[in-house]
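Structure assessment
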Amino acid sequence: MHAIYLDNNATTAVSTAVRLGIDRYYDELAGNPSSPHSPGNRARMLLEQAREEVGALIGVGAEHMVFTSGGTEGNNAVIRGARALGLRRLVGTAVEHPSVLRPLEAMVDEGLELVLLEVDAEGLVSPERLGEALLPGPALVCIQWVNSETGVVQDIAALGAICREASSMLLVDAAQAVGRMRIELSRLPVDFLTFSGHKLHAPHGIGALFVRSPRLFPSWLWGGEQEAGLRAGTQNVEGAIGLGIAARERREGLDAAITQLSRTRDLLEGECLERIPQTRVNGSRRSRVCNTCNLHFAGVDGQAVLAQLDALGVYVSQSSACSSHRVEPSYVLCAMGLSESEAFASIRFSTSVYTNDAHIADAVEALAQVIARLRAFTWL
């Protein structure tokens, strides 16, 4: 059976257009974008073109976009800058990505107060609880727009309005949202937003940070004046070019991409629910991104499922790639009320625009056989 990749929330394949665009950059003379000569000017022009494309994808001007190495760097930069922004309180949720949770915890050691909000059984944050958490005073609020494990989508417009009313600032981790839903950030009460190129068919090692008021934000790397003085160091021009091309591709084909992603996700989920007994969906089905489903298969060890599918050339996961090497139940699913055994028996599937019906059919067939075999052994 041909390889079937259904772990696109971890990373995506670099698109052909992105590869060709980066190759053209390597084939032509380009200098340091901070240099004053013609090769430097060309590199600077390509960098700024990419910045415009990235901003256009999320509905903001290029002047608000800072290139980073990825979502993790952006999240750390904002959270570690909370004190310089005059904030002494931090509010997050129990289901944030490790690139948010760990710097939040680190800031507690530096004397800041941290409140982690619980989520309900569907994985959603309660607006009322957020409002209560902000009563003691302004805070930096960190909320992942789309959960990387379940695909659950938070109501950022409503939650952001609560933050704005409480004179608090909102950081949105949008790694799983950008390119999978229409975003008009200029209309939303969001102060910071981060995402990574490799979730969007761009290379690894490039990402972007949206800053609503760049002049008021503290630098986190000192040296030269690159990236509006916020992030010193010669930029990853080829990575930025790749991200810019990927952003343009997705912006121009967004509706078609969402339709395809939804169809293949729904096909996979529907076939699993129909063909594999005692299967259920984890998380909200009414508020969920188009490409993700997290399924619980009663009576199996998820690690065994992953291993047997891997041997068959079907690649899935159980949790975020940043925490999947640790053999423990998903903290996201446990925060939603699942038991440890239920969390261990759950698998995440995430499709891309390269996933087709044949991939889904073969993956479900392999999965049904693996689950039946494991249950027969377990329930003897």
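Refer to the structure presented above.
Everything numeric in this text was worked out from a predicted model, so none of it was measured.

1. Examining the overall build of the chain
Along the backbone of the chain there are 12 helices and 12 strands. Radius of gyration (C-alpha) of the chain: 21 Å, near the 21 Å computed for a compact globule of 380 residues. Per-residue burial over the chain gives 57% buried out of 380 residues. Sequence separation of at least 24 residues holds for 74% of the intrachain contacts in the chain that already meet a minimum separation of 6. By element, 53% of the accessible surface of the chain is carried by carbon and sulfur atoms, the whole surface being about 15700 Å². Of the charged side chains in the chain, 33 are positive and 43 negative; the average position of the first set lies 2 Å away from that of the second.

2. With respect to the sheet that holds strand β2 (residues 65-68)
Strand pairs in the sheet, formed through backbone hydrogen bonds, run parallel or antiparallel to each other. The seven strands lie next to each other as β2-β8-β7-β6-β5-β3-β4, forming an open sheet whose pairing is mixed. Pairing within the sheet leaves two strands with one partner each, and these edge strands are β2 and β4 (113-117). Within this sheet the neighbouring strands show an average axis-to-axis angle of 20°, counted without direction. One ladder, built from four bridges, connects β2 with strand β8 (residues 207-211); its direction is antiparallel. Its bridge partner lying in β8, Met-65 is registered against Phe-210. Across the sheet, helix α4 (residues 98-108) touches β3 (89-93), β4, β5 (140-144) and β6 (169-173), and the angle it forms with β4 is around 145°.

3. A word on unusual backbone geometry
Located in the positive-phi region is Ala-228, a residue other than glycine, with phi close to 60°. Here Ala-228 is to be found in the loop between β8 and α7 (237-252). Accessibility expressed as a relative area gives 66% for Ala-228, which makes it exposed. If you check the backbone angles, Gln-278 has positive phi at about 55° while not being a glycine. Along the chain, Gln-278 turns up in the loop between α8 (254-275) and β9 (279-281).

4. Re helix α2 (residues 38-58)
With 21 residues, α2 should reach 30 Å at 1.5 Å per residue; the first-to-last C-alpha distance of 31 Å fits that figure. Along α2, the residues classified as buried are Gly-40, Arg-42, Ala-43, Leu-46, Leu-47, Ala-50, Arg-51, Glu-53, Val-54, Gly-55, Leu-57 and Ile-58. Summarising the contacts, the buried residues of α2 are in contact with α1 (16-27), β2, β7 (192-196), β8 and α7. Where α2 terminates, the next one or two residues include Gly-59, which has phi positive at roughly 80°.

5. Overview of the packing of α2 against α7
Interaxial distance between α2 and α7 falls to 8 Å at its minimum, and their mutual angle equals 35°. For the crossing formed where α2 meets α7, the hand is left-handed. Touching Ala-43, Leu-46, Leu-47, Ala-50, Glu-53, Val-54, Ala-56 and Leu-57 of α2 are Val-237, Ala-240, Ile-241, Leu-243, Gly-244, Ala-247, Arg-248, Arg-250 and Arg-251, all from α7. Here the contact of α2 with α7 is composed, by residue class, of 12 nonpolar, one polar and four charged.

6. Remarks on the packing of aromatic side chains
Summed over the entire model, instances satisfying the criterion amount to four aromatic pairs. Centre to centre, the rings of Tyr-25 and Tyr-26 are 5.7 Å apart; their planes meet at 55°, and the pair counts as tilted. You can call Tyr-26 exposed: its relative accessible area is 51%. An aromatic cluster of three or more residues is present, and its members are Phe-192, Phe-217 and Trp-220.

7. Regarding the sheet that holds strand β10 (residues 292-297)
Spatially, the three strands line up as an open sheet ordered β9-β10-β12, and their pairing is antiparallel. If you trace the sheet from one side to the other, it starts and ends with β9 and β12 (346-350), each paired once. Ignoring strand direction, the axes of neighbouring strands in this sheet form an average angle of 30°. Sheet topology note: the β9/β10 ladder contains three bridges and is antiparallel. When the sheet's bridge partners are listed, Arg-280 is paired in β10 with His-296.

8. Here we look at the packing of helix α3 (residues 71-80) against α4
Contact pair α3 / α4: the axes reach a minimum separation of 9 Å and the direction vectors enclose 25°. Looking at the two axes, α3 sits roughly parallel to α4. α3 and α4 meet at a crossing whose hand is right-handed. Residues Thr-72, Asn-75, Asn-76, Ile-79 and Arg-80 of α3 form the contact with α4, whose participating residues are Ser-99, Val-100, Pro-103, Leu-104, Ala-106 and Met-107. Class assignment of the residues belonging to the contact of α3 with α4 gives a composition of six nonpolar, four polar and one charged.

9. Structural notes on the nonpolar core
Ile-58, Trp-145 and Leu-193 are the most contacted members of the largest nonpolar core, which has 61 residues in total. For this core, the element with the highest residue contribution is α7, accounting for seven residues. Leaving out residues up to four positions away in the same chain, Leu-193 has contacts with Ile-58, Trp-145, Leu-171, Val-172, Ala-174, Val-178, Leu-185, Ala-208, Leu-209 and Phe-210. Judged by nonpolar contacts, the second largest core, of 27 residues, contains Leu-309, Val-364, Leu-367 and Leu-374.

10. Some remarks on α8
Compared with an ideal rise of 1.5 Å per residue, which puts 22 residues at 32 Å, α8 spans 31 Å between its outermost C-alpha atoms and is within 8% of the ideal. The complete set of buried residues in α8 reads Leu-254, Ala-257, Leu-261, Thr-264, Arg-265, Leu-268, Glu-269 and Cys-272. Along the axis of α8, the buried positions cluster into a sector of 125°, meaning they face one direction only. Every exposed residue of α8 that faces more than 90 degrees away from the buried side is listed here: Asp-255, Ala-256, Thr-259 and Glu-274.

What counts and how
Residues numbered from 1 in each chain as written. Predicted model: local features only at pLDDT ≥ 70, side-chain atom pairs only at ≥ 80, totals over all residues. Heavy atoms only, no water. Helix = DSSP H or I, 4+ residues; strand = E, 2+ residues; numbered from the N terminus. Rg over C-alpha atoms; globule rule 2.2 N^0.38 Å. Buried < 20%, exposed > 50% of the residue type's maximum accessible area, 1.4 Å probe, protein only. Contact = heavy atoms within 4.5 Å. Areas by Shrake-Rupley, 256 points an atom, 1.4 Å probe, with all protein chains shown as cover. Lys, Arg positive; Asp, Glu negative; His and termini not counted. Charge placed at Lys NZ, Arg CZ, Asp CG, Glu CD. Pairing = 2+ DSSP bridges. Axes fitted to C-alpha atoms, helices over the stretch in contact; angles between N-to-C directions. Expected span 1.5 Å × (residues − 1). Left-handed = near helix turned anticlockwise from the far one by under 90°. Nonpolar A, V, L, I, M, F, W, Y, C, P; charged D, E, K, R; others polar. Phe/Tyr/Trp six-rings, centres within 6.5 Å; stacked < 30°, edge-to-face > 60°. Parallel < 35°, antiparallel > 145°, perpendicular 65-115°, else oblique. Core = buried A, V, L, I, M, F, W, Y, C linked by side-chain atoms within 4.5 Å. Arc of directions from axis to C-beta.

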